[in-house]
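Overview (structure and organization)
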Amino acid sequence: MTPAALLHSTLADLRRIADFSTRYTNVQAGRPTRLPARTPGGQPIAVSLIQGDLSPIVQERLFVETATGLLLRRQVITRAALNGTLIETIDYSDYKDVAGVQVPFTIKHTNWNTEDTYTIVDIKPGASVPDANFAKPSAK
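In this text, all values refer to a predicted model and were calculated from it rather than measured experimentally.

**Regarding the nonpolar core**
Counting residues in hydrophobic clusters, the biggest one holds 10 residues: Leu35, Ile45, Val47, Leu49, Phe63, Leu70, Leu72, Ile90, Tyr92 and Tyr95. Counting residues per element, the ones that place at least two in this core are strand S3 (45–55) and strand S6 (84–98).

Now the structure itself:
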């Protein structure tokens, strides 16, 4: 890794840590755990758990794969009235290298009543986007 790339990587890590500590309260590491295998017959995946409170009723959990350091799951737990909870889960998979950055090409979003899977087909870093794409749609 070149000195410039190392400096850029270090600055990005510091920004992420700074944002993490201002966004969350009561940040703590959870017990190491395992997520179910992503392939039939595969082995469970060892993950580290980081959790923090976004508000008095909302907790966020980040499941990071121990071997690679990639985020595999983000879970938002909201405590609702009458001791209920609403759980929203975002699973990230099919990571590929895009301009030196690992990007998930499959994102599965599940909440208490829906499940959506997003598949990214192509990413073009630095591609220009015409200003017309941001124009306000005309009323019909």
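On we go from here.
**Quick look at the pairing of strand S4 (residues 58–65)**
Here 8 bridges tie S3 to S4, and the two strands are oriented antiparallel to one another. Across the sheet, isoleucine 50 pairs through a bridge with leucine 62, a residue of S4. Joining the antiparallel neighbours S3 and S4 is a turn of 2 residues. Here 7 bridges tie S4 to strand S5 (residues 71–80), and the two strands are oriented antiparallel to one another. Note on S5: the bridge partner recorded for phenylalanine 63 is arginine 73. With antiparallel pairing between neighbouring strands as the criterion, S4 and S5 make up a hairpin whose turn holds 5 residues, including glycine 69 at a positive phi of roughly 80 degrees.

What counts and what doesn't
Residues numbered from 1 in each chain as written. Predicted model: local features only at pLDDT ≥ 70, side-chain atom pairs only at ≥ 80, totals over all residues. Heavy atoms only, no water. Core = buried A, V, L, I, M, F, W, Y, C linked by side-chain atoms within 4.5 Å. Buried < 20%, exposed > 50% of the residue type's maximum accessible area, 1.4 Å probe, protein only. Helix = DSSP H or I, 4+ residues; strand = E, 2+ residues; numbered from the N terminus. Pairing = 2+ DSSP bridges.

None of the figures reported here should be taken as evidence of function without further support.
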